[in-house]
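Each chain, letter by letter, is given below.
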Amino acid sequence: MVRARLALGLLSLLGSALAQESSSYVDPRNGITFQGLTDPTYGVTYGAVFPPLVSSGAQSTEFIGEIVAPLAAKWIGLALGGAMLDNLLLVAWPNGNSIVYSTRYATDYVQPVAYPGPVITNLPSTSVNATHWNWVFRCQNCTSWSGGSLDTTSGAAWAWAYGNTTVDTPSNNASTFAEHSDFGFWGEIMSAGHASAADYANYLAGTSTSSTTTVSSTTTTTTTSSTTSTGPTSTPTAYDYVIVGAGPGGIITADRLSQAGKKVLLLERGGPSTAQTGGTYKAPWAANTSLTKFDVPGLFETMFTDSNEFWWCSDITVFAGCLVGGGTSVNGALYWLPTDADFSGANGWPSAWQNHAPYTSALSARLPSTDAPSTDGKRYLEQTFNVVQSLLTPQGYRQVTINSDVNSKDHVYGYSAYDFINGKRGGPVATYLQTALQRSNFVLKQYVMVSNVVRNGSQITGVKTNDTSLGPNGVVPLTTNGRVILSAGSFGTARILFQSGIGPSDQLAIVQSNTAAAANLPPSSQFINLPVGESVSDNPSINLVFTHPSVDAYNNWATVWASPPTADAAQYINNQSGVLASASPRMNFWRAYAGSDGITRYMQGTVRPGAASVNTTNSYNASTIFTITAYLSYGITSRGRIGITPSLNAQPIVNPWFQDPIDKVVLTQGLQDIISSVSSVANLTLITPDNHMTLAQYINAYDPATMNSNHWVGSAKIGANSSVAVVDSNAKVFNTNNLFVADASLIPALPVGNPHGMLMSAMEQAAAKILALAGGP
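Just so we're clear, the structure is a prediction, and the values are computed from it rather than from any experiment.

(A) Geometry of the pattern of salt bridges. As enumerated under the stated definition, the model contains 18 salt bridges in all. Measuring nitrogen to oxygen at the nearest pair gives 3.0 Å for the salt bridge that ties D306 to K293. Of this pair, D306 sits in the loop between strand 19 (264-268) and helix 3 (357-366) while K293 sits in the loop between strand 19 and helix 3, placing them 13 residues apart in sequence. On the basis of relative accessible area, D306 is assigned to the buried category, the value being 8%. Owing to a relative accessible area of 0%, K293 belongs among the buried residues under this scheme. A salt bridge links R495 to D315, with the nearest nitrogen and oxygen atoms 3.3 Å apart. Remark: D315 occurs in the loop between strand 19 and helix 3 and R495 occurs in helix 7 (residues 489-499); sequence separation between them is 180 residues. Of the two residues examined, R495 and D315, each falls in the buried class. One network of salt bridges, in which partners are shared, links D597, R601, D660 and D663.

Below, the structure written as C-alpha cells:
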C-alpha cells in the first residue's frame with residue numbers, strides 16, 4: 001500500500017447526544033421484525049433482533065442482524081459499542097452474488113485485525129441483486145468482547161461506517177480496505193428488539209414471518225420494492241424544483257430558483273468537499289486547521305494520486321466528481337470569462353442564447369477571477385512563466401490579462417486566471433451555494449443517488465432515489481406544475497435520461513435488459529427517441545515536457561500532501577498565501593489556426609511546473625522539469641458518444657478525439673509551432689518527445705486514454721429540434737412538459753478555453769430561461 005489505510009475511522013462515542021434512535025420495522029423479504037433505522041444519507045438500513053429476555057440467569061449472547069445497502073456501498077462496518085477502539089466490529093461487502101464478512105477489533109486507529117470468538121452464520125434471505133446487497137446474519141457470542149459488552153435490556157450507541165471504495169481483495173474476508181468515506185451513530189434501543197422464542201426460531205430457519213408486529217408511534221413502516229432499501233420512512237415533501245446534482249449547474253440554478261421564492265430540493269449523490277460543506281478530509285500538515293484537501297489550491301495535483309479517491313464517481317469510467325461542487329471542487333479552477341464566439345451560432349447556440357453578456361456579468365459579480373490568488377498579492381513559482389514567455393515572444397505572441405481582454409485569444413498569453421477566493425477554492429460552492437443555504441425554501445441532500453425520473457408520458461411526476469426518507473420507494477414528488485432539472489454532468493445526466501426511457505433505442509435496450517432498472521421504465525410506448533449521449537466533445541490534449549535550469553519543479557508536486565516544504569505549509573496555514581495558494585498552472589496561451597476545411601480552430605496551452613509523465617531515453621534533471629499541455633478547443637469537428645454498460649456504468653463508447661483527421665493535423669501544427677523556437681531560449685531542452693523521436697511519431701503513439709481532458713460537453717445538447725438535439729432553447733427536454741437540463745451536457749460545442757467559466761455563465765442563463773418559461777410552479 002502507498003500509505004497506511006485506516007478503517008472505520010475516528011468513531012467517537014456520542015452517548016445521549018445521538019440525534020437518531022432506532023424503531024421497529026418489518027423487512028418484507030424475510031418477514032423479520034427488526035429494531036433499527038435507515039440512514040437517510042446513504043439509504044443503508046441497519047437492524048437487529050434479539051432472543052427473548054429471561055427472568056433469571058444470563059441473557060442470550062446472540063442476535064440476528066441485517067444490513068441492506070445499495071451497491072454504491074462497497075463495504076459497511078458496524079461498531080456494536082459505538083466506537084472503533086476496543087469494540088467488536090463487523091465488516092461486510094458484496095463479492096459477486098455472495099456477501100463476505102468478518103469480525104474485527106482495533107486498539108489504535110489502524111487497520112482493524114481479525115477478532116476470534118464470534119460466530120457468524122448467513123441466513124437464507126442474504127442476497128445480492130442489481131441494485132442492493134442484503135446481509136442477514138446470526139451473530140453468536142457477540143454481546144461481549146475484550147473490554148466491552150452489550151446490555152440487551154436497555155439501549156446503547158451503535159455506529160456505522162460507509163466505504164465507497166472496493167476492498168482490496170473482495171474474495172478474502174481478511175482483506176484490507178480504504179478508510180471509510182463517512183460514518184455516523186444512532187441509539188439502538190435493544191430493549192425493544194426482543195422477539196418471542198417461536199418467532200426467533202422461525203427467523204433463524206427462514207421459514208416464517210412474525211406473529212406480531214410492533215411499530216413505533218413516531219415511525220411509519222413502509223414496504224418497498226427490492227430496488228430500494230427498506231426501513232422507517234417519513235411523509236414525502238413535494239418540491240417546486242428537484243435538481244439532480246450539486247455541481248456548478250445544480251448549485252447555480254438552485255440558488256437562482258430559490259432566490260425567486262421557489263421551493264427547491266438539490267440532490268447530490270456524493271458527500272461534502274470543502275470545509276464550508278462539512279468536509280473533513282485534510283492533509284496531515286493541515287490536520288489542526290479547517291483546511292480540507294478541497295480548500296487548498298496547491299493540493300490539486302494530488303486529486304489524481306491519492307490512494308483514497310472517494311471523490312471520483314466509481315461508476316463512470318472517466319474522471320467525474322461525485323461530491324458537493326462536482327468538478328469545480330476537484331479541478332484546477334482555471335477560470336476565464338467566455339468569448340463572444342463561445343456563444344455564437346457558429347458554435348451551435350440558438351439565437352436566444354447568443355447575448356451572453358448579462359449572464360456573464362452576473363457570474364463575474366458573484367464570482368470574480370484572480371491571476372494572483374495568494375492573499376499577499378504576490379505570484380510564486382513563476383519560473384515557467386518566464387521561460388515560456390521567452391519561447392512564445394519570437395512567435396508573435398503578446399501578453400494580456402486574460403479576463404480583462406476576453407475576446408483576445410489569438411497569439412496571446414497571460415498569467416493563469418482562477419476562481420479561488422482568499423487563497424482557497426472558491427467557485428459556486430463558496431458563493432452561490434452559501435446564499436442558497438440561507439433560505440428556508442432550499443434544501444440540500446447529500447448521498448442521494450437518483451436513478452431516473454418518474455414520468456407519465458411527457459409529464460414528470462417525481463424523481464426516483466435510493467433514499468426512502470424522501471418518499472415511498474424513494475420517490476420525491478413534485479408540487480403542482482413542479483419541474484425537474486438534471487445537473488448530474490455529461491455522463492450522469494445521460495444515464496438518468498436513459499434510465500427514464502429517453503434516448504437512442506440501443507441504450508434503452510440496455511436498460512430494459514437490466515431487471516432492476518427495467519422495473520422503473522415507463523411503458524415502451526412512452527419511450528422518447530432523442531440523441532442523448534451523441535455528438536459529445538472533449539479537448540484532445542498532448543503534453544510536451546521540457547527542462548530549464550531556472551525552473552523549480554516543486555518536487556513534481558509529489559510531497560505536497562504528506563510533507564510540503566515546512567515554510568510553505570506554515571505560510572499557507574498562517575494566512576493562505578504562498579505557493580500552496582495556487583493550483584499548478586502558471587500560464588495560459590492561445591493561437592488560432594485555419595484548417596484545410598475552412599474552419600478556424602483554436603489551440604490552448606497550459607504551462608505548469610512538473611510533469612505527469614516523462615518519456616525520454618536521455619538523462620535529465622527531474623528538479624527542473626515543466627509541462628506545456630496543448631489542447632485543441634473551439635472549432636474542433638471530431639465528436640464521440642457516451643453510453644452505458646449492462647451494469648449501467650457510464651462510459652465513452654466512441655472516443656471524441658481525432659475522429660476528423662483535420663483536427664489532428666491542426667493540433668500537430670500547433671505543437672510544432674510551440675517547439676519551433678526552443679533553440680532561441682538558452683538551456684531549454686525538450687525531453688518528451690526527445691531527440692530520438694519525431695513529433696509525428698510521438699503524436700501517433702500517444703495513448704488515447706491520456707488525451708482525455710475531461711471537458712465533456714454535448715451529451716444532452718441544446719438545439720433547434722429533436723432530430724439533432726436533446727433540449728430546446730429553454731433547456732427543456734424535447735417531448736416532455738417539465739424536464740430540463742442545466743449542466744455541461746447541454747453545451748453544443750467546446751468554447752475557446754477551458755469550459756469552467758463559460759459553463760457557469762450558461763447556467764445563469766439557463767436558470768433565467770427556466771424561470772421565465774410559462775407553466776411552472
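(B) Here's a closer look at unusual backbone geometry. The omega torsion across T688 and P689 is 0°, close enough to zero to call that bond cis. By secondary structure assignment, the location of P689 is in the loop between strand 33 (685-688) and helix 12 (695-700). Not every positive phi belongs to a glycine, and H411 is a case in point at roughly 55°. Along the polypeptide, H411 turns up in the loop between strand 20 (398-399) and strand 21 (412-415).

(C) How the structure looks around the sheet that holds strand 26 (residues 534-536). With respect to topology, three strands assemble into an open sheet ordered 26-31-32, the strand pairing being antiparallel. Because the sheet does not close on itself, it has two edges, and the strands there are strand 26 and strand 32 (650-654). Across the sheet, the mean angle from the axis of one strand to that of its neighbour is 50°, orientation sign disregarded. Here strand 26 pairs with strand 31 (residues 640-644) via two bridges, running antiparallel. Each residue of the ladder has a partner; that of V536, found in strand 31, is G640.

Quick notes on the rules
Residues numbered from 1 in each chain as written. Predicted model: local features only at pLDDT ≥ 70, side-chain atom pairs only at ≥ 80, totals over all residues. Heavy atoms only, no water. Salt bridge = Lys/Arg side-chain N within 4 Å of Asp/Glu carboxyl O. Helix = DSSP H or I, 4+ residues; strand = E, 2+ residues; numbered from the N terminus. Buried < 20%, exposed > 50% of the residue type's maximum accessible area, 1.4 Å probe, protein only. Pairing = 2+ DSSP bridges. Axes fitted to C-alpha atoms, helices over the stretch in contact; angles between N-to-C directions.

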